[in-house]
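The primary structure of each chain is shown beneath.
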Amino acid sequence: MKKISILLLLTALGFGFRMFALELRPEAALLRAPDEPEYLEIAQSISLGDGFSLHGERTAYRDMLMPALTAAAIWITGDFEFVFWVQIFLSLLTGLLLYLIASRRFSEGMSYAVAAAWMLYPAASLFSSLLLTETLFVFFWVLAMWLHDRLEESDYSIRESLLLGAVLGLLCLTRAAGAVLLATVFIYVLLIRWEAKFALRSKSVSLILLASIVVMLPWMLRNYVYLDRFALNTNGGINLLIGNNPYANGGYRYDERVQEIIAGARGEAERDRAASRAAREYAQGHLSKTFEMWATKFAYLWSTDMAMLAHYAPVRGAPSLADTLHAQPLGALILLAIPFAVLVLLGLSGFYLVTKFPARGFFILQLSLGALAAFASYGLPRYHFPFMPAVILGAAAYVENQPWNSAPQWRRLFLLLAIGVFIGVWIFETVKIIGWM
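Let me begin by describing the structure that accompanies this report. (Residues numbered from 1 in each chain as written. Predicted model: local features only at pLDDT ≥ 70, side-chain atom pairs only at ≥ 80, totals over all residues. Heavy atoms only, no water.)

### Digging into the packing of aromatic side chains
Going by this rule: Planes of paired rings set the category: under 30 degrees apart is stacked, over 60 is edge-to-face and the rest tilted, where pairs are Phe, Tyr or Trp rings (Trp by its six-membered ring) whose centres lie within 6.5 Å. Only DSSP runs of H or I reaching four residues or more are called helices, and only runs of E reaching two or more are called strands; each is numbered from the N terminus. Two thresholds decide whether a charge sits over a ring: the Lys NZ or Arg CZ must be within 6 Å of the ring centre and within 35 degrees of the ring normal.
For the structure on display, the rule yields 29 aromatic pairs. An angle of 20 degrees between the planes, with centres 6.2 Å apart, marks the rings of Tyr 121 and Phe 385 as stacked. Highlighted residues: Tyr 121 in the loop between helix H6 (108-119) and helix H7 (122-127) and Phe 385 in the loop between helix H19 (360-376) and helix H20 (388-401), separated in sequence by 264 residues. Consider the rings of Trp 410 and Phe 414, whose centres lie 6.2 Å apart with planes at 80 degrees: the pair is edge-to-face. Residue Trp 410 and its partner Phe 414 are both found in helix H21 (residues 409-434); the two are separated by four residues, about one turn of the helix. Members of the aromatic cluster, each reached through a chain of ring pairs, are Phe 137, Trp 141, Phe 298, Trp 302, Phe 340, Phe 387, Phe 422 and Trp 426. Looking at Arg 175, its charged tip hangs above the ring of Phe 137, at a distance of 4.4 Å from the centre. One cation-aromatic arrangement involves Arg 411 over Tyr 352; the distance from NZ or CZ to the ring centre is 4.4 Å.

Printed below as a string of structure tokens:
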């Protein structure tokens, strides 16, 4: 009874924070923010029976599941804003799943702390009020992490393998970047969990891949029939080009100069293929510049959550992200920056110094592959959001085990150097926002 009472209290607190963020968002901010108007237009097109279309034409530029969920909200209630209530519910459910994941690794008190960290995490509340993929994406991401635990507990049973594969398929339909977690599961189960029999593990990953493909295949076939692109979306090549061209800055820059590179291509699919070719040719022909840009992409990826305010409260006419953030209230900037920085530093310390807790390699692998995805394309602060559940678990490992004093001196030295890198990124970000650079 005590456990239920504590979880209900944490859920109520989380609900209050998310409602506060939803009510506080400026009026009409959705229509001024990046990406959200397109998700809304596609959802409205679906609800009107015109299919997955943008500006009157069939599209796959945006991933499928979020517009479909918003269209369902419109069908059920007549108002797309019902989807925000769905997102709040899913975000709270994510916190409860994190509690279950933590309870397999930590004490009861620390498991509550993990749930509380998510319920009170400012960015999680903020994203619940945005018409973006993040809340739905992270729910499926954490659900897949929980199902991975169940898969191990069941000794890689057929049922759990198929269920995990289906959820990973939904994750990829929410955003194609879900392939990061799909690859994590494949590599970890097949190549790292050598304690179990290889035949058992290979059968499990085969079933996981099969179930995920079955879930994704109808949408990919639709894209092939209507857009001549057998893929989850038609923006993968564009994302590669944004990060690999002569004008790339490591973050999102898709200006006229970059668009001119593929000016001769016509249609979504052809532009996507042309962008992929151009990005590959540039990376192969400029290897040193490509690798040098990785540090900048990493810095963009792990910039603080302050950048989320550009989506939550966009400033009309602001020429840059720094100018947008400069116009935000100081309290909001601090609220989004400090908790994120604390979680990241504790998470980094936990994964580095606590060498033994269940599935530690699984969490580190998803963080590593996520960074590689950014290196291949570009860094964006909101792209670190799906990794924050793993970061919170790493932070819990550090707080519960207190490994600093028992760690070898050389490990502590390397950790301090890594911490210095992150702090340097955040100082540079702050200086840019203030306007000193």
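### Topic: a nonpolar patch on the surface
What counts here: A patch consists of residues whose relative accessible area exceeds 30% and which take part in no salt bridge; residues with like charges are grouped when within 9 Å of each other, and nonpolar side chains (Val, Leu, Ile, Met, Phe, Trp, Tyr) when within 5 Å. A 1.4 Å probe and the Shrake-Rupley method give the accessible areas. Residues count as covered only by the protein chains that appear here. Only one rule defines a salt bridge in this text: a Lys or Arg side-chain nitrogen within 4 Å of an Asp or Glu carboxyl oxygen.
On the surface, Ile 213, Leu 217, Leu 221, Tyr 224, Val 225, Tyr 226 and Phe 230 cluster together into a nonpolar patch covering about 690 Å² of accessible area. Position of Val 225 among the secondary structure elements: in helix H11 (residues 198-227).

### Regarding the pattern of salt bridges
For clarity, the threshold we go by: The rule is simple: take the accessible area with a 1.4 Å probe, protein chains only, and divide by the maximum for that residue type; under 20% is buried, over 50% is exposed, in between is partly exposed.
Scanning the model with the defined rule gives 18 salt bridges in all. Arg 159 is paired through a salt bridge with Glu 160; the nearest N and O atoms lie 2.7 Å apart. A residue is classified by how much of its surface remains accessible, and Arg 159, at 56% relative accessible area, is exposed. With a closest N to O distance of 3.8 Å, Arg 273 and Glu 270 form a salt bridge. Highlighted residues: Arg 273 and Glu 270, both in helix H14 (residues 268-285), separated by three residues, approximately one helical turn. You can call Arg 273 partly exposed: its relative accessible area is 24%.

### As for unusual backbone geometry
Of note in this structure, Asp 35 is not a glycine but carries a positive phi near 75 degrees. Assessed through its relative accessible area of 22%, Asp 35 is described here as partly exposed. Here the phi dihedral of Asp 228 falls at roughly 60 degrees; this positive angle occurs in a residue that is not glycine. Locating Asp 228 in the fold gives a position in the loop between H11 and helix H12 (236-243).

### Some points on the environment of Gly 51
Counted only if it meets this: The contact criterion used is simple: two residues touch if any of their non-hydrogen atoms lie within 4.5 Å.
As for its position among the elements, Gly 51 is in the loop between helix H3 (36-47) and strand S1 (53-54). Each C-alpha atom, one on Gly 51 and one on Ala 68, is 9.9 Å from the other, the two residues being 17 residues apart in sequence. In contact with Gly 51, other than residues within four places in its own chain, are Ile 42, Ser 45 and Ile 46.

### Thoughts on the packing of helix H15 (residues 287-301) against H19
Applied cut-off: All axes here are fitted lines through C-alpha atoms, helices being fitted over the stretch that makes contact, and every angle between N-to-C directions spans 0 to 180 degrees. The cut-offs work like this: below 35 degrees is roughly parallel, past 145 is roughly antiparallel, 65 to 115 is roughly perpendicular, and the gaps in between are oblique. Helix crossings fall into two classes, left-handed where the near helix is turned counterclockwise from the far one by less than a right angle and right-handed where it is turned clockwise. Residue type decides the class: Asp, Glu, Lys and Arg count as charged, Ala, Val, Leu, Ile, Met, Phe, Trp, Tyr, Cys and Pro as nonpolar, and the leftover types, Gly among them, as polar.
Their axes nearest at 9 Å, the elements H15 and H19 cross at an angle of 120 degrees. Taken together, the axes of H15 and H19 are oblique relative to one another. The chirality of how H15 crosses H19 is right-handed. Residue-level inspection shows Trp 294, Lys 297, Phe 298 and Leu 301 of H15 in contact with H19, the latter providing Ala 371, Ala 374, Phe 375 and Ala 376. In terms of residue class, the contact of H15 with H19 is made up of seven nonpolar, no polar and one charged.

### Quick notes on the nonpolar core
Test applied: Residues belong to one nonpolar core when they are buried, are Ala, Val, Leu, Ile, Met, Phe, Trp, Tyr or Cys, and are joined through side-chain atoms within 4.5 Å.
Ranked by size, the top nonpolar core spans 119 residues in total, and within it Tyr 121, Leu 168, Trp 302, Phe 363 and Leu 393 carry the most contacts. Considering every element that reaches this core, the biggest residue donor is helix H8 (residues 134-153), with 12 residues.

### Observations regarding the side chain of Gln 328
Here is the rule: Polar contact is defined as a pair of N or O atoms within 3.5 Å, subject to the rule that within protein one atom must be able to donate a hydrogen and the other to accept it, and that residues adjacent in sequence are counted only when both atoms are side-chain atoms.
Along the polypeptide, Gln 328 turns up in the loop between helix H17 (321-326) and helix H18 (330-353). Residue classification places Gln 328 among the buried positions, given a relative accessible area of 12%. Looking at Gln 328, its side chain comes within polar contact range of the main-chain oxygen of Ala 313, at 2.9 Å. Once residues within four sequence positions are removed from consideration, Gln 328 is found in contact with Leu 309, Ala 313, Val 315 and Leu 333.

These figures come from the coordinates and say nothing about function on their own.
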